[in-house]
Amino acid sequence: MTYIFSDIHGEDELFCRLLEKVKFSEGDTLVSCGDMLEKGKHSVRLAKRLFAMKNAVLLAGNHEYDFLKYYWALMRRTEDYALVLEKLQAYFPGEGALLDWDTVDRIEALPYFYEAADYICVHAGVPLDREGRILPLRDAIPEQLVYDRTFREPSVLPKGGKCVFFGHTTTMSLGGGPAIARYLREGAKGDRVSDFYKIHLDTGAWMSGVLGCFCIETCQSFYVGPED
Ligand SMILES: [Mn+2]
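Residues numbered from 1 in each chain as written. Predicted model: local features only at pLDDT ≥ 70, side-chain atom pairs only at ≥ 80, totals over all residues.

**Section: the overall build of the protein chain**
In terms of helices and strands, the protein chain carries seven helices and 10 strands. Looking at the protein chain residue by residue over its 228 residues, the buried ones come to 37%. The long-range share in the protein chain, meaning contacts at least 24 apart out of those at least 6 apart in sequence, stands at 72%. (Helix = DSSP H or I, 4+ residues; strand = E, 2+ residues; numbered from the N terminus. Buried ≥ 20, exposed ≤ 12 C-beta atoms within 10 Å, placed from the backbone. Contact = placed C-beta atoms within 7 Å.)

What follows is the structure, given as structure tokens:
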């Protein structure tokens, strides 16, 4: 099975509980649509856990991108790499000692999107043309993919047949609770992923205490929260 997450934001304990809940095993695949870092208490621990997993497709979100911009700025100013690492460690109060160069390099190597036969994964949104068709992602700049603020609007429904998975803003900001928001195509049943225009994954785990994920093969959503 393939389980898709987004915006885990250092909620390492919730993440582990959700893996247990779905009985995640070595034969399964995990996709993270970005923003594993910051806000929650254990973002470096979580990042290292994700990087160590087999069959994990990990994408960059704006929090990884902002970290990288800080890193690149430091590297332009000095060749004292020990000093650079010290400053990068200070970026993560309380857990900086966990940050090593291997983790920094892996964050830098994260892609900004993942495209499969019937779905696309991205952090914030995909570029659309005037008719709402998805433009080629290889031509998009990282800023578009990690900072987009319009794609979350319920009226924005991407044409082209592929379901777009995204996060970045919490679904609570649409006026509901911390639940994964699914946008079903007219007349579709919702039993396969291409039945959906888009699926908004961010349940705001760092503030709601609820983390969700979506299973591609069964189209089921799973959650863990404070009451579990
Ligand atoms: Mn974000």
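**Things to note about the nonpolar core**
Among the nonpolar cores identified, the biggest contains 53 residues, and Ile 4, Phe 5, Cys 33, Cys 121, Val 122, Phe 165 and Leu 201 are the most heavily contacted of them. Look past the residues within four positions of Phe 5 in its chain and what remains in contact with it is Leu 30, Val 31, Ser 32, Cys 33, Leu 201 and Cys 213. (Core = buried A, V, L, I, M, F, W, Y, C linked by C-beta atoms within 7 Å.)

**As for the sheet that holds strand β6 (residues 163-166)**
Taken in spatial order, the five strands make up an open sheet running β4-β5-β6-β8-β7, and their pairing is mixed. The open sheet has two edge strands, β4 (113-115) and β7 (181-184), and neither has a second partner. Mean inter-strand twist for the sheet, computed between neighbouring axes without regard to direction, equals 10°. Pairing of strand β5 (residues 119-122) with β6, which is carried by three bridges, proceeds in the parallel orientation. Bridging across to β6, Ile 120 finds its partner in Val 164. (Pairing = 2+ DSSP bridges. Axes fitted to C-alpha atoms, helices over the stretch in contact; angles between N-to-C directions.)

**Section: helix α1 (residues 12-21)**
Listed as buried for α1 are Asp 12, Leu 14, Phe 15, Leu 18 and Leu 19. Buried residues of α1, viewed axially, fall in a sector of 160°; they line one side. Looking at the packing, one finds that the buried side of α1 touches α2 (43-52), α7 (205-208), β9 (211-215) and β10 (220-224). Directly after α1, the chain includes Lys 23, whose backbone phi takes a positive value near 55°. (Arc of directions from axis to C-beta.)

**A closer look at the sheet that holds strand β1 (residues 2-5)**
With mixed pairing, five strands are arranged side by side in an open sheet as β3-β2-β1-β9-β10. Every other strand in the sheet has two partners, leaving β3 (56-58) and β10 as the edge strands with one partner each. Neighbour-to-neighbour, the strand axes of the sheet open up by a mean angle of 20°, direction not taken into account. In the sheet, β9 pairs with β10 via five bridges, with the strands oriented antiparallel. Across the sheet, residue Cys 213 finds its bridge partner in β10, namely Phe 222. Along the sheet, α1 makes contact with β9 and β10, crossing β10 at roughly 135°.

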